[in-house]
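# What the coordinates show
Residues per chain, in single letters:
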Amino acid sequence: MTRKRILIAGAGSAGTMMANHLKRKVNLHEWQITIVDAATTHYYQPGFLFLPFGIYDEAEIQKPIIKYIPDEVEFINTGIDKIDAERNVVILINGAELFYDILIIASGCNIAPEETEGMKGKLWQKNVFDFYTFEGAKALHDKLQGWEGGKLAIHITEMPIKCPVAPLEFAFLADDFFRHKHMRDEVEITYITPLSGAFTKPFAAKKLAHLIEEKNIKLVTDFNVERIDNETKKIIDYGGQEVEFDLLVTVPLNKGAAFIERSGFGDDLNYVPTNKFTLQTTVKDNIFAIGDATSLPASKAGSVAHFESEILTENILHYIKGEELKAHFDGHANCFIETGNHKALLIDFNYDQEPVDGTFPFAGIGPMSLMEETMLNHMGKLGFKWIYWNVLMHGRAIPFIHPGMQKSGKHIVPAE
Ligand SMILES: Cc1cc2nc3c(=O)[nH]c(=O)nc-3n(C[C@H](O)[C@H](O)[C@H](O)COP(=O)(O)OP(=O)(O)OC[C@H]3O[C@@H](n4cnc5c(N)ncnc54)[C@H](O)[C@@H]3O)c2cc1C
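Let us look at the structure shown here. The model shown is predicted, which means the values in this text are computed figures rather than measured ones.

## Things to note about the pairing of strand S13 (residues 187–192)
S13 sits mainly inside the fold: 5 of its 6 residues count as buried. Of the crossover connections in this fold, the one passing from strand S12 (residues 150–156) over helix H3 (residues 166–180) to the parallel S13 is right-handed. As paired strands, S13 and strand S14 (residues 217–220) are joined by 4 bridges and run parallel to one another. Directly across from Ile192, in S14, lies its bridge partner Val220. With helix H4 (residues 202–214) bridging S13 and its parallel neighbour S14, the resulting β-α-β unit is right-handed.

## Structural notes on the nonpolar core
Membership of the largest hydrophobic core comes to 100 residues, with the highest contact counts inside it found for Ile104, Phe131, Leu152, Phe170 and Phe178. Here this core gets 9 residues from one element, more than from any other, and that element is H3. If near-sequence neighbours (up to four positions away) are discounted, Leu152 is found in contact with Trp147, Ala174, Phe178, Val187, Glu188, Ile189, Thr190, Leu247 and Val249. Residues Ala85, Val90, Leu92 and Val272 belong to the second largest nonpolar core, which totals 21 residues.

## Observations concerning unusual backbone geometry
Where the residue is not glycine, phi is negative for most of them; where a peptide bond is considered, it is trans in most cases. Of note, the amide linkage connecting Phe360 to Pro361 takes the cis form, showing an omega dihedral of -5°. Inspection of the secondary structure puts Pro361 in strand S23 (residues 358–362). Of note, the amide linkage connecting Gly366 to Pro367 takes the cis form, showing an omega dihedral of 10°. By secondary structure assignment, the location of Pro367 is in strand S24 (residues 366–370). Positive phi, close to 55°, is recorded for Asn216, a residue that is not glycine. Tracing the backbone through its elements, the reader meets Asn216 in the loop between H4 and S14.

## Quick notes on the site of the ligand
Around the ligand lies a shell of 29 residues, among which Ser13, Ala14, Asp37, Ile80 and Asp292 are the nearest. Contact between the ligand and Asp292: an oxygen atom at 2.9 Å from a main-chain N or O atom of the residue. The fraction of the free accessible surface of the ligand (1,000 Å²) that becomes covered by protein chains is 88%. Mapped onto the shell around the ligand, the elements with two or more residues apiece are helix H1 (13–25) and helix H6 (302–320). For the shell around the ligand, the residue count by class is 14 nonpolar, 11 polar and 4 charged.

## Some points on the sheet that holds strand S8 (residues 97–99)
The antiparallel open sheet is built from 3 strands, whose spatial order is S6-S7-S8. The open sheet terminates on both sides in strands that have one partner only, identified here as strand S6 (80–84) and S8. Across the sheet, the mean angle separating the axes of adjacent strands is 20° when strand polarity is ignored. In the sheet, strand S7 (residues 89–92) pairs with S8 via 3 bridges, with the strands oriented antiparallel. Along S8, the bridge assignment pairs Val89 with Phe99.

## Side note on the state of the cysteines
All told, the structure shown has 0 disulfides when counted by the stated rule. Cysteine Cys109 remains unbridged, with the sulfur of Cys163 as its closest cysteine sulfur at 11 Å. Left unpaired, Cys335 is separated from the closest cysteine sulfur, that of Cys163, by 5.8 Å. Residue Cys335 is classed as buried on the basis of its relative accessible area, which comes to 11%.

## Description of the environment of Gly340
In this structure, Gly340 sits in strand S21 (residues 333–340). Residues Gly340 and Glu373 lie 33 residues apart in sequence; the distance between their C-alpha atoms is 9.5 Å.

Conventions and cut-offs
Residues numbered from 1 in each chain as written. Predicted model: local features only at pLDDT ≥ 70, side-chain atom pairs only at ≥ 80, totals over all residues. Heavy atoms only, no water. Buried < 20%, exposed > 50% of the residue type's maximum accessible area, 1.4 Å probe, protein only. Helix = DSSP H or I, 4+ residues; strand = E, 2+ residues; numbered from the N terminus. Right-handed = clockwise from strand over helix to strand, strands pointing away. Pairing = 2+ DSSP bridges. Core = buried A, V, L, I, M, F, W, Y, C linked by side-chain atoms within 4.5 Å. Contact = heavy atoms within 4.5 Å. Near = heavy atom within 4 Å. Polar contact = N/O pair within 3.5 Å; in protein donor to acceptor, adjacent residues only side chain to side chain. Areas by Shrake-Rupley, 256 points an atom, 1.4 Å probe, with all protein chains shown as cover. Nonpolar A, V, L, I, M, F, W, Y, C, P; charged D, E, K, R; others polar. Axes fitted to C-alpha atoms, helices over the stretch in contact; angles between N-to-C directions. Disulfide = S-S within 2.5 Å.

Pasting the structure below:
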């Protein structure tokens, strides 16, 4: 009997978790699971934040993709050219066609520095760096080793970006790094954001504004970059604001995969229009999407992809049985924010609930504190790497952590 096919496009965090969940849940006599990825290396992307400062080394944040693909799942190591949704076919760059019955798009998003004038100019990877790619983080590490100080500008081009707090964490870690090198006085740190503040959710803005001040970080808000002038080393916005830099660490525009555009169904930034509760796309009933590839108004984060993978697995099973897609994702995100000095904050929120303080995962007991800088949270952030490789990438659940956000333990102030 020919098996039907579930095709997963992308074997990063979300695709790998889906392959591992589904191989346990679907009848493999009836269903073949195939996963396609152009890459051979799986990066632990949260590690890109630590690599420039020498906190992690290159080896611990990369593994072969194949190591996490279960034997029961077919892995095809090729790029996807486009999806023909009409014919239920994925066309590979070598021209081969893969038919599917169910398609899960898990192709993530990536930086597009070429979209900003001057970003990839002659200063790229000399004075202008990203840390959102392995190559960028590695080059920045080498630069920081010998840098003698000056004006360090940390910049976000446009939202949304993956891990929206990562640039702020970079600023906090940079403060710490230069303090330990006894050269903090020689470095002027400026944080440049297109948003109206470093923290935009009202409670976080009130509770955490002091961090920027304490660390002597200059804040430039509402900055919509027009271009980077490679001659004068200035970053310039549409309103004429200018910030000088000796070293610019930028988060370039983030975009979904180019094949989404070629397939004719992405939004302006190539994100796949997706139902924010069921994770079914609006492209066609048999196409689902997960992780950074979606248009969801949730954070683009590994923790979100993890919660979504549990919801999507349930909904794929409902879809196979011809049932209503009953599992609903609530936008749950759970992020540690490094603040330097071996401390971190923890935030836990969803589509409706902004981050507030309290304890996590157990009410009153914790052991983690929400919105408080603690060493335990920092250990949680570092410990997450182990959990990622050894628990999440095998499609296993983290005990006591649920896909839906828990209200217990949170000090939620009722709306007036
Ligand atoms: C600096 C940084 C720090 C971060 N910190 C955190 C954190 O602290 N906590 C947290 O939860 N998250 C964090 N994240 C975000 C997290 O890493 C991502 O949200 C997560 O990896 C998304 O998973 P994904 O599967 O959607 O995308 P990815 O893991 O990026 O996987 C996408 C896959 O699709 C493949 N692909 C794309 N196009 C094609 C094509 N044409 N053909 C074939 N294959 C293709 C790619 O090769 C890739 O393997 C961070 C990210 C960065 C960059």
